[in-house]
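Each chain, written out:
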Amino acid sequence: MSMIPFDDRDGFIWLDGTLVNWRDAKVHVLTHGLHYASSVFEGERAYAGKIFKSREHSERLHKSAEMLGFKIPYSVDVLERAKEEVLVANKAVDAYVRPLAWRGSEMMAVSAQASTIHVAIACWAWPSMFKPEIKEKGIRLCWARYKRPSPETEPVFSKAAGLYMICTIGKHEAEAKGYQDALMLDWRGNLAEATGANLFLVINGEIHTPTPDCFLDGITRRTVMDLARARQIKVIERHMRPEELDKAQEIFLTGTAAEITPVGEIEGRMFTPGAITKQLMDDYASAVRAHTKHQAA
Ligand code: PMP
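Residues numbered from 1 in each chain as written. Predicted model: local features only at pLDDT ≥ 70, side-chain atom pairs only at ≥ 80, totals over all residues. Heavy atoms only, no water.

A. Structural view of empty space enclosed by the protein. Inspection of every chain in the model, using the stated rule, returns one cavity of 30 Å³ or more. Approximately 50 Å³ is the volume attributed to the largest cavity. As for the largest cavity, its lining consists of Arg45, Tyr47, Phe52, His57, Ile219, Thr220, Thr223, Thr256 and Tyr284. Looking at the lining of the largest cavity, the elements that each hand over two or more residues are strand S4 (44–47) and helix H6 (219–230). Here the lining of the largest cavity is built from residues that sort into four nonpolar, four polar and one charged. (1 Å grid on protein atoms, 1.4 Å probe; cavity = no way out; pocket = protein on both sides within 12 Å on 5 of 7 lines; lining within 4 Å. Points joined across faces, edges and corners; volume = space filled by probe spheres on them. Helix = DSSP H or I, 4+ residues; strand = E, 2+ residues; numbered from the N terminus. Nonpolar A, V, L, I, M, F, W, Y, C, P; charged D, E, K, R; others polar.)

B. Spatial organisation of the site of the ligand. Around the ligand, the surrounding shell holds 15 residues, and the nearest of these are Lys159, Tyr164, Glu193, Thr220 and Thr256. A distance of 2.8 Å separates an oxygen atom of the ligand from a polar side-chain atom of arginine 60. In the environment of the ligand, an oxygen atom lies 2.6 Å from a nitrogen or oxygen atom belonging to the side chain of threonine 256. Protein burial of the ligand: of its 380 Å² of free accessible surface, 94% is covered by the chains. Counting only elements with at least two residues in the shell around the ligand, the list comes to H6 and strand S14 (250–255). (Near = heavy atom within 4 Å. Polar contact = N/O pair within 3.5 Å; in protein donor to acceptor, adjacent residues only side chain to side chain. Areas by Shrake-Rupley, 256 points an atom, 1.4 Å probe, with all protein chains shown as cover.)

C. Looking closely at the packing of aromatic side chains. Considering all chains together, one arrives at seven aromatic pairs under this definition. Between tyrosine 96 and tryptophan 124, the ring centres sit 5.3 Å apart and the planes meet at 50°, which makes this aromatic pair tilted. In this pair, tyrosine 96 sits in strand S6 (residues 95–103) while tryptophan 124 sits in strand S7 (residues 117–124), placing the two residues 28 residues apart along the sequence. The exposure class assigned to tryptophan 124 is buried, which follows from its relative accessible area of 16%. With 4.8 Å between their ring centres and 80° between their planes, tyrosine 96 and tryptophan 126 make a pair best called edge-to-face. Remark: tryptophan 126 occurs in the loop between S7 and helix H4 (132–137) and tyrosine 96 occurs in strand S6; sequence separation between them is 30 residues. Look at tyrosine 96 and you get buried, because its relative accessible area is 4%. For tryptophan 126, a relative accessible area of 27% gives the class partly exposed. Linked through ring pairs, Phe6, Tyr96, Trp124 and Trp126 together constitute an aromatic cluster. Its end group placed over the ring of tyrosine 179, arginine 140 keeps NZ or CZ at 4.5 Å from the ring centre. (Phe/Tyr/Trp six-rings, centres within 6.5 Å; stacked < 30°, edge-to-face > 60°. Buried < 20%, exposed > 50% of the residue type's maximum accessible area, 1.4 Å probe, protein only. Lys NZ or Arg CZ within 6 Å of the ring centre and 35° of its normal.)

D. Structural context of the layout of surface pockets. Taken as a whole, the second largest pocket holds about 330 Å³ of empty space. Tyr36, Ala37, Ser38, Leu68 and Arg103 are, among the 20 residues lining the second largest pocket, the residues nearest its centre. Among the residues forming the lining of the second largest pocket, the class breakdown is 11 nonpolar, seven polar and two charged.

Here's what the structure looks like:
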């Protein structure tokens, strides 16, 4: 893992409408986004120079901000062009792309009606969220301490920085115990998701995934559901109790950063990455690079 800190790198970051030198893309310590978590972000991946489902991510960023009560001052079209600029300026071909929007420094209290909204877009190389040799056998998960909150408690469908507080706690506790990630239940005790990826179970040749009624309905999740249906695999969204893990032959996670990651263990329950997981991993790898094939044809 690269230990070069993220604030001390070469390259360019798009900040409020212009490309600035990477090291100059700064905020002041008195920033509402930092103190009160009025901040939303995206995580995207470019494959062979093109961001997969780019527009969906820009649209989600806008919606995430709306759910927190602020409006991003750049249209989806402007964001689309800005992301392209960032990739080109950094000579990035296969890269992770991170747009971020936050309330600035005009007001420093819970109320921040007059704050300006800032937007930054960075990108960097992030080949795999989990080490490839671990990913192959399936990652090991433990149970997370905290549960996904009810939609009555938080704006759960916003990709809001504040909702990641419990994810970082869960992930750190998992890593301290020798696991790669933590599996979160929802507020009712149903299976929900990992700290940065959605959950899928393969049960007798069918795919079962928790209904996303209190967490992010991931863009990768929806892509993988379509890929499975294209293979005539039945896909079922439903609420599942944790005991249902005993019925599953294969488990995997999906997310922009995680892509499709097989799970080998959930605290003592063992799984082997199987044929369906492998097929979908292949299909996903083709889907994200489909545009390169079209260009070659
Ligand atoms: N859940 C959480 C908590 C996440 O952080 C992510 C990654 N954005 C996902 C699910 C998967 O979302 P996507 O497939 O859109 O990246």
